[in-house]
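# Working through the structure, step by step
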Amino acid sequence: MNYSACTSILIGPRATMDGSVIIGRNEDSKAAWPKHFIVHPATTATTPQTFVSKDKDNGFTMPLPLHAAKYTATPEWTDEYGLFEEDGFNEYGVAMSATESTYSNERVLGADPLVKNGIGEEAMVTVVLPYVKTAREGVALLGQIVELYGTSESSGILFADQKEAWYLETGAGHNWVAQRIPDNGYAVIANQMAIQTIDFNDPDNFMFARNLQSFVAENHLNPHSDRFNWREIFGTQDQSDLYYNTPRVWYGQKQFTPAVEAQPQSFDLPFIQYADRLLSVDDAQDYLSSHYQETPYDPVGSGTKEQRTKFRPISLAKTQESHVLQVRPDMDPALAGIQWLAMGVAAESVYVPFYSGIESTPESYHSGKVTYDSESAYWVYKHVGVLLDAHYHDALPAVAAVQKELRIAFKQSVKHTDAVGRQLSGPELNHFLTQQANENAALGIRRYRELAATLITQATDLGPLNYHQDLNL
């Protein structure tokens, strides 16, 4: 069964260099568990539609609207445990990423336990993204579903459109809250409740379950009489957080707001932070592909063994895919959204740009099962990661060089696509964006296959049975 232990980032439009709203996340589950990338076409049904969960442990069902907008998604290679479509764009330019598994404290679970047949991670994108036209509508719809059906887990969900970013957290049962990311702020989130003090009189920046306050009051869950701190009421603050969660938040804030001194094992790291400089898509990608570089805690760094294994890194072997969803302002929705998608481990892969207006994805992105498949995009990128891991410091220069080459090439492609795309509209624009996406995907796969060949050849001289003879003897 899929279990997501993820890292997320959200950035407001006035905190970015180009006015983009940016959300992103690493989807972490198993070291070998492929993801696919697909496009669902828009549909209009003439008879009532019902979503039925494929999760055998759940059984969640709910009615659906007759019309579903086109949307992109990254489902699992198998639907045996559910769809887990996880992230994507719809045709209105709304971006969504779900879910960030978080943890509710025991007092809350005792008061309102998880709902057996409530909505779970595997269904959230599928029953929300095709049916909303703004990020705020997405928050409201998912919140209504949680209130009506309950939730089978505690989660965090990201929403964005051309104007704003929102982060929604579910507590347990029927409880939820969402906060708008300030236009000039950002948030980095690990596997713990993140949202802090809620202002119930500020509907522009907070949304929440109708009975949230009464539920907390009736069950005596609030440790404070003068404020309502969601994180302290619903979240955990235990030893596992200090090694698994808080260091990831600390590292992101250390990168973007170095002027504020903090410790990696602090429970006081703020949910909302403000960067010392304007941020970019590169910054979001660099954070999600990081592993405590330039600190003693880097697993492949120069610290002691105790330091290198102390904290759970941000990018790690169990990452299935990493995505940065960028929504640019004042553009056609088909052109405004870019789904930067890195299959496999982000630190060893590369983010390929796919515009939200694409009509389809390459065959290699919807193929691949749990056993290695050379035709699968997931496995092509994962293959290089495995080769790199075997001889990390020897192979890293070659991998880093290709990553840099592709990042430059993809930036140039985006610049060209924007210039041409602004002159197009409708199906002609969609077709052009699909063509560009196919070319970018093909370039990435070709260069990573060539990189794999280079690393295999290099590794032939690095085995333990090697012997270096002095030819002068």
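Everything numeric in this text was worked out from a predicted model, so none of it was measured.

At a minimum axis separation of 6 Å, helix α11 (residues 377-390) and helix α12 (residues 392-421) run at an interaxial angle of 135°. It follows from the interaxial angle that α11 and α12 lie oblique. Packed against α11, whose contacting residues are V384, L388, D389 and A390, the element α12 presents Y392, A395, L396 and V399 at the interface. Split by residue class, the contact of α11 with α12 holds seven nonpolar, no polar and one charged.

Quick look at the sheet that holds strand β2 (residues 21-28) now. Read across the open sheet, the six strands follow the order β14-β1-β2-β16-β17-β18; overall the sheet is antiparallel. Single-partner strands in this sheet number two, and they are β14 (186-189) and β18 (352-355). Strand-to-strand twist in this sheet, taken as the mean axis angle between neighbours without regard to direction, amounts to 15°. As judged from the seven bridges shared by strand β16 (residues 319-327) and strand β17 (residues 337-343), these two strands associate in the antiparallel manner. Bridge pairing in β17 places E321 opposite M343. Its contacts with the sheet put α12 on β17 and β18, and the angle it makes with β18 is roughly 20°.

With that settled, the discussion passes to the packing of aromatic side chains. Per the stated rule, a full pass over the model turns up 23 aromatic pairs. Measuring from centroid to centroid gives 6.0 Å for F51 and F60, while their planes differ by 50°, and the two rings are tilted. The buried category is assigned to F60, whose relative accessible area is 1%. A network of ring pairs unites the aromatic residues Y243, W250, Y251, Y292, Y297 and F311 as a single cluster.

Once that is clear, we can look at helix α3 (residues 135-149). Relative to the 21 Å expected for 15 residues at 1.5 Å per residue, α3 spans 21 Å between its end C-alpha atoms, a close match to the ideal helical length. Of the positions making up α3, those classed as buried are A135, G138, V139, L142, G143, I145, V146 and E147. Looking one or two residues past α3, G150 carries a phi angle of roughly 80°, positive in sign.

Time to look at the pattern of salt bridges. In a structure, side chains of opposite charge can pair up when their charged atoms sit close to one another. Within this structure, the stated rule accounts for 19 salt bridges. A salt bridge links E147 to R210, with the shortest nitrogen-to-oxygen separation between them at 3.0 Å. Residue E147 is located in helix α3, and its partner R210 is located in the loop between β15 (206-208) and α4 (212-218); the two are separated by 63 residues in the primary sequence. The class of E147 is buried, set by a relative accessible area of 18%. For R449, the salt bridge is made with E375, and the minimal N-O distance between the two is 3.8 Å. On the criterion of sequence distance, the pair formed by R449 in helix α13 (residues 426-459) and E375 in the loop between β18 and α11 is long-range, its members being 74 residues apart. When salt bridges with common partners are traced through the structure, they connect R136, E164, R180 and D183 into a single cluster.

Bringing unusual backbone geometry into the picture now. The phi angle at E86 is positive, at roughly 70°, despite the residue not being glycine. If you trace the backbone, E86 turns up in the loop between β8 (71-73) and β9 (87-89). With a phi close to 65°, Y292 is a non-glycine residue in the positive phi region. Checked against the element boundaries, Y292 lands in the loop between α8 (281-288) and α9 (305-308).

Bringing the sheet that holds strand β11 (residues 156-160) into the picture now. Spatially, the six strands line up as an open sheet ordered β9-β10-β11-β12-β13-β15, and their pairing is antiparallel. Only two strands of the sheet have a single neighbouring strand rather than two, namely β9 and β15. For this sheet the average axis-to-axis angle between neighbouring strands, irrespective of direction, equals 15°. Here β11 runs beside strand β12 (residues 165-170); their pairing, made up of five bridges, is antiparallel. Its bridge partner being in β12, A160 is matched across the sheet by A165. Of the strands in this sheet, β9, β10 (95-98) and β11 are in contact with helix α2 (residues 121-128), which crosses β10 at around 165°.

This next bit is on the nonpolar core. Within the largest apolar cluster, 67 residues are counted, with the highest numbers of intra-cluster contacts made by F354, Y365 and Y448. Broken down by element, this core gets its largest block of residues, 10 residues, from α13. Aside from chain neighbours lying at most four places away, what touches Y448 is E348, S349, V350, V380, Y381, V384, V399, V402, Q403 and L406. Within the second largest apolar cluster, 64 residues are counted, among which are L129, L158, F159 and W230.

Another point: the side chain of T170. Relative to the helices and strands, T170 resides in strand β12. Only 2.8 Å separates the side chain of T170 from the backbone nitrogen of S155, close enough to count as a polar contact. Non-local contacts of T170, meaning those with residues more than four positions away in its chain, are made with T102, V146, T151, E153, S154, S155, I157, N175, W176, M193 and W230.

Each value, and the rule that gives it
- Residues numbered from 1 in each chain as written.
- Predicted model: local features only at pLDDT ≥ 70, side-chain atom pairs only at ≥ 80, totals over all residues.
- Heavy atoms only, no water.
- Axes fitted to C-alpha atoms, helices over the stretch in contact; angles between N-to-C directions.
- Helix = DSSP H or I, 4+ residues; strand = E, 2+ residues; numbered from the N terminus.
- Parallel < 35°, antiparallel > 145°, perpendicular 65-115°, else oblique.
- Contact = heavy atoms within 4.5 Å.
- Nonpolar A, V, L, I, M, F, W, Y, C, P; charged D, E, K, R; others polar.
- Pairing = 2+ DSSP bridges.
- Phe/Tyr/Trp six-rings, centres within 6.5 Å; stacked < 30°, edge-to-face > 60°.
- Buried < 20%, exposed > 50% of the residue type's maximum accessible area, 1.4 Å probe, protein only.
- Expected span 1.5 Å × (residues − 1).
- Salt bridge = Lys/Arg side-chain N within 4 Å of Asp/Glu carboxyl O.
- Core = buried A, V, L, I, M, F, W, Y, C linked by side-chain atoms within 4.5 Å.
- Polar contact = N/O pair within 3.5 Å; in protein donor to acceptor, adjacent residues only side chain to side chain.

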